[in-house]
Amino acid sequence: MLKKVIIGAALCLLQLSGNCALEPVRLVTRDEEPYGSFKDDKTFDGIAVRVVDCVFKRLNRPYQIKVYPWERAQMVAEKGEADGMFPAAMTPDRLMWSEGSDRIAGQRWVWLLPWDSKLDPNSDEFKITARVGAFFGSKRLKTLELGRYNVVLRPQSELQLLKAFMMGRADAILVGDMAAAEAMKTLNLNPNQFRTVFAQDRPMHVFFTKKFLQNEPEFLKQFNAQIPGCQ
């Protein structure tokens, strides 16, 4: 059974504030550089985590983060077992059960190919014949599957995806640019050995469930108001 990992909670800054009586806002996320990951000292940190932490401190609101594999995290949030999830791109299916915050971090979807590959990810031939992959639970993978690409790789993380790609198990992979860059550093890979083709601009947001926002209708507006000062 998967063990839930509680990373931490923002403490009330003013003990006399009414916010201290509020239940912590429950968020779920995944372990992925550079947005949020476990460090050598066992802390959980990253560019998205720091924005979220800053916003909640400015709101003087307690919160907690639990870390799951990404597919599981999304299911937990959608079922209402958490109040929200992050970081994630804006998609119609997510907006059926949640509302997204303003942008908290950047992300571009890009194709990675060997530097000498002649394949064109924008061609019809590529879609039919190229062996491709994306990590399990990602919208990139679902986009490829819905588009009927020849998907051969579905690992649990961007790092595992890049490892499999380097073993020649796919002709191209669809990745998040910042996460892939961090994975390259971890694997000590030279970015110049890859050819990159831009696919989509997909910035990251925090998604709060509609159930949570029904109980706190002003929360998202308050949350968004603090984001510019936390980036």
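Here is a short report on the structure shown in this document. From a predicted model like this one, the values you see are computed outputs, not experimental measurements.

### Digging into the pairing of strand β2 (residues 25-29)
Okay, so step 1: Burial within β2 is extensive, with four of its five residues counted as buried.
Okay, so step 2: As judged from the two bridges shared by β2 and strand β6 (residues 84-88), these two strands associate in the parallel manner. Bridge assignment links L27 to a residue of β6, and that residue is G84.

### Some words on empty space enclosed by the protein
Okay, so step 1: In the structure shown here, the tally under the stated rule is one cavity of 30 Å³ or more.
Okay, so step 2: By volume, the largest cavity is sized at about 100 Å³.
Okay, so step 3: Per-class residue counts for the lining of the largest cavity are seven nonpolar, two polar and four charged.

### Some words on the packing of aromatic side chains
Okay, so step 1: All told, the structure shown has 13 aromatic pairs when counted by the stated rule.
Okay, so step 2: Both rings, one in F56 and one in Y63, keep their centres 4.7 Å apart while their planes meet at 20 degrees; by these two values the pair is stacked. For the pair formed by F56 and Y63, the shared burial category is buried.
Okay, so step 3: Each ring, one from F56 and one from F223, has its centre 5.7 Å from the other, and the planes form 70 degrees; the classification is edge-to-face.

### Quick notes on unusual backbone geometry
Leaving glycine aside, a negative phi is the common case for residues, and trans is the common case for peptide bonds.
Okay, so step 1: Omega for the peptide link from E33 to P34 comes to 0 degrees, which places this bond in the cis form.
Okay, so step 2: Among the structural elements, P34 can be located in the loop between β2 and β3 (37-38).
Okay, so step 3: Residue P87 is reached from F86 by a cis peptide bond, and omega for that bond is -15 degrees.
Okay, so step 4: With respect to the helices, strands and loops of the structure, P87 is situated in strand β6.
Okay, so step 5: Despite not being glycine, K42 shows a phi value in the positive range, around 75 degrees.
Okay, so step 6: Structurally, K42 is set in the loop between β3 and β4 (44-45).
Okay, so step 7: Residue classification places K42 among the exposed positions, given a relative accessible area of 71%.

### Remarks on the nonpolar core
Okay, so step 1: If you look at the biggest cluster of nonpolar residues, it comprises 27 residues, and the most contacted ones within it are L27, F86, I104, F208, F219 and F223.
Okay, so step 2: Those elements that provide at least two residues to this core are β2, α1 (47-59), β5 (63-67), β13 (205-209), α7 (210-215) and α8 (219-226).
Okay, so step 3: No other element matches α1, which puts seven residues into this core.
Okay, so step 4: Beyond its immediate sequence surroundings of up to four residues, F223 is in contact with V55, F56, L59, S101, V206 and F208.
Okay, so step 5: Of all hydrophobic cores here, the second largest spans 15 residues; its members include L162, A164, F165 and A170.

About the cut-offs
What you see as residue numbers is a count from 1 along each chain, following the sequence as written. Note on the predicted model: pLDDT of at least 70 is required for a residue's local features to be given, and 80 or more for side-chain atom pairs to be given and counted; whole-chain, interface and lining totals, by contrast, use all residues. Values shown for side chains rest on all heavy atoms present in the structure; no hydrogens or waters enter the calculation. For every residue, the accessible area obtained with a 1.4 Å probe (protein chains only) is divided by the maximum for its type, and the residue is called buried under 20%, exposed over 50%, and partly exposed between those limits. Strands are runs of DSSP state E lasting at least two residues, helices are runs of H or I lasting at least four, and both sets are numbered from the N terminus onward. When DSSP locates at least two bridges between a pair of strands, those strands are taken to pair. Here a cavity denotes a set of grid points, spaced 1 Å apart and computed over the protein atoms alone, in which a 1.4 Å probe fits but from which it cannot get out, and a pocket denotes an open set meeting protein on both sides within 12 Å along at least five of seven lines; residues with an atom within 4 Å of a point are reported as lining. Grid points are joined across faces, edges and corners, and a volume is the space filled by probe spheres set on the points. Gly is placed with the polar residues, together with every amino acid not listed as nonpolar (Ala, Val, Leu, Ile, Met, Phe, Trp, Tyr, Cys and Pro) or charged (Asp, Glu, Lys and Arg). Pairing of aromatic rings covers Phe, Tyr and the six-membered ring of Trp, with a centre-to-centre limit of 6.5 Å; geometry is then stacked below 30 degrees between planes, edge-to-face above 60, and tilted otherwise. Residues enter a nonpolar core if they are buried and are Ala, Val, Leu, Ile, Met, Phe, Trp, Tyr or Cys, with the set joined through side-chain atoms within 4.5 Å. By definition in these notes, contact holds between two residues if any of their heavy atoms fall within 4.5 Å.

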